[in-house]
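Notes for the structure review
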Amino acid sequence: MDRQITYKWRWLAGGLVSVFLVLFVFVVLPYASVVYEKAVLLGAQQEQISFMSNWQQRLARLEDRQQSLNEGMKAMVINLAEQEEFSKVVETFFSHSQQSGVTIVQIQPVTEDQNPPYMTRRLRLELQGGYHGIARFINKLEQGNYLVTTESVSLRAGAGTGEQLSGELELQVTLLGGTP
């Protein structure tokens with residue numbers, strides 16, 4: 001009789017374990033899987049919602065940056081010389097050359113491109129002076145009030161035995177007022 005009770009308890013325990021395993025496999029695991037998927041989806045949606053709220057702040061920052069860049073561009077264009085002021089640009093070349101101890105031997109136009117509303121003129125300058133003076137001259141041109149870009153520099157020793165160099169400097173001057 002003790003054996004029968006033991007067998008009954010074993011069958012009862014085995015049945016309970018089987019029912020628990022069946023419930024665990026077919027009810028609890030699928031439910032846990034669905035809950036996990038919903039949690040992942042909820043997390044992704046919360047991230048999208050936080051991005052949407054940050055989006056307006058980011059857009060506002062980008063618009064502020066764009067406005068400051070536009071103001072900078074306007075300032076550049078305002079400081080850009082017009083075609084009629086080209087003689088003033090050339091005057092600054094001579095002024096900077098005197099300050100730097102450089103002699104401009106010749107200024108020769110190379111090309112002229114019109115790309116409205118801007119115009120670019122390429123010039124070739126023949127120079128004589130010391131190495132540091134020429135470097136100072138180029139720096140003053142590029143850092144000056146007008147949009148002047150150095151395209152090329154070629155230097156060679158001068159005819160004399162002094163420290164004088166001669167060379168050619170090719171510049172691009174951008175002006176406002178290309179014909180539309």
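Scroll up to find the structure.
Starting from 1, residues in each chain are numbered consecutively following that chain's sequence as written. Selection of residues for local features in this predicted model requires a pLDDT of at least 70, selection of side-chain atom pairs for listing and counting requires 80 or more, and totals for whole chains, interfaces and linings are taken over all residues. Only hydrogens and water are removed before side-chain values are computed, so all heavy atoms of the structure are retained for them.

**Considering the pairing of strand 4 (residues 165-176)**
Short version of the rule: Think of it in three bands: with a 1.4 Å probe and only protein chains considered, a residue is buried below 20% of the maximum accessible area for its type, exposed above 50%, and partly exposed in between. Only runs of H or I of at least four residues qualify as helices and only runs of E of at least two qualify as strands under DSSP, and these elements are numbered from the N terminus. At least two bridges found by DSSP between two strands are what make those strands a pair.
Within strand 4, 10 of the 12 residues are buried, which leaves it mostly tucked inside the rest of the structure. Sheet topology note: the strand 2 (residues 118-129)/strand 4 ladder contains 12 bridges and is antiparallel. For Thr120, the partnering residue across the bridge sits in strand 4 and is Thr174. Bridge count for strand 3 (residues 147-157) against strand 4 is 10 bridges, and the pairing is antiparallel. The residue bridging Val148 from the neighbouring strand is Val173, located in strand 4.

**Focus: the sheet that holds strand 2**
Rule in force here: Axes here mean lines fitted to C-alpha atoms, for a helix over just the part in contact, with angles spanning 0 to 180 degrees between N-to-C directions.
A sheet is described by the order of its strands in space; here 4 strands give the open sequence 1-2-4-3, paired in antiparallel fashion. Two strands lie at the open edges of the sheet, namely strand 1 (102-115) and strand 3, each paired on one side alone. The mean angle between the axes of side-by-side strands here comes to 15°, regardless of whether they run parallel or antiparallel. Where strand 1 lies against strand 2, 12 bridges are found, and the strand directions are antiparallel.

**Remarks on the pattern of salt bridges**
Heads up, the condition is: Salt bridge, as applied in this entry: a Lys or Arg side-chain nitrogen positioned within 4 Å of an Asp or Glu carboxyl oxygen.
In this structure the tally under the stated criterion is 5 salt bridges. Between Arg124 and Glu168 there is a salt bridge, and its shortest N-O distance comes to 3.9 Å. In this pair, Arg124 sits in strand 2 while Glu168 sits in strand 4, placing the two residues 44 residues apart along the sequence. Looking at Arg124, the relative accessible area reads 25%, which means it is partly exposed. Note that Arg124 and Glu170 form a salt bridge whose closest N and O atoms lie 3.3 Å from each other. Residue Arg124 is located in strand 2, and its partner Glu170 is located in strand 4; the two are separated by 46 residues in the primary sequence. By relative accessible area, which is 13% here, Glu170 ends up buried. Because the salt bridges share partners, they merge into one network encompassing Arg122, Arg124, Glu151, Glu168 and Glu170.

All quantities given are derived from atomic positions and should not be read as evidence of function.
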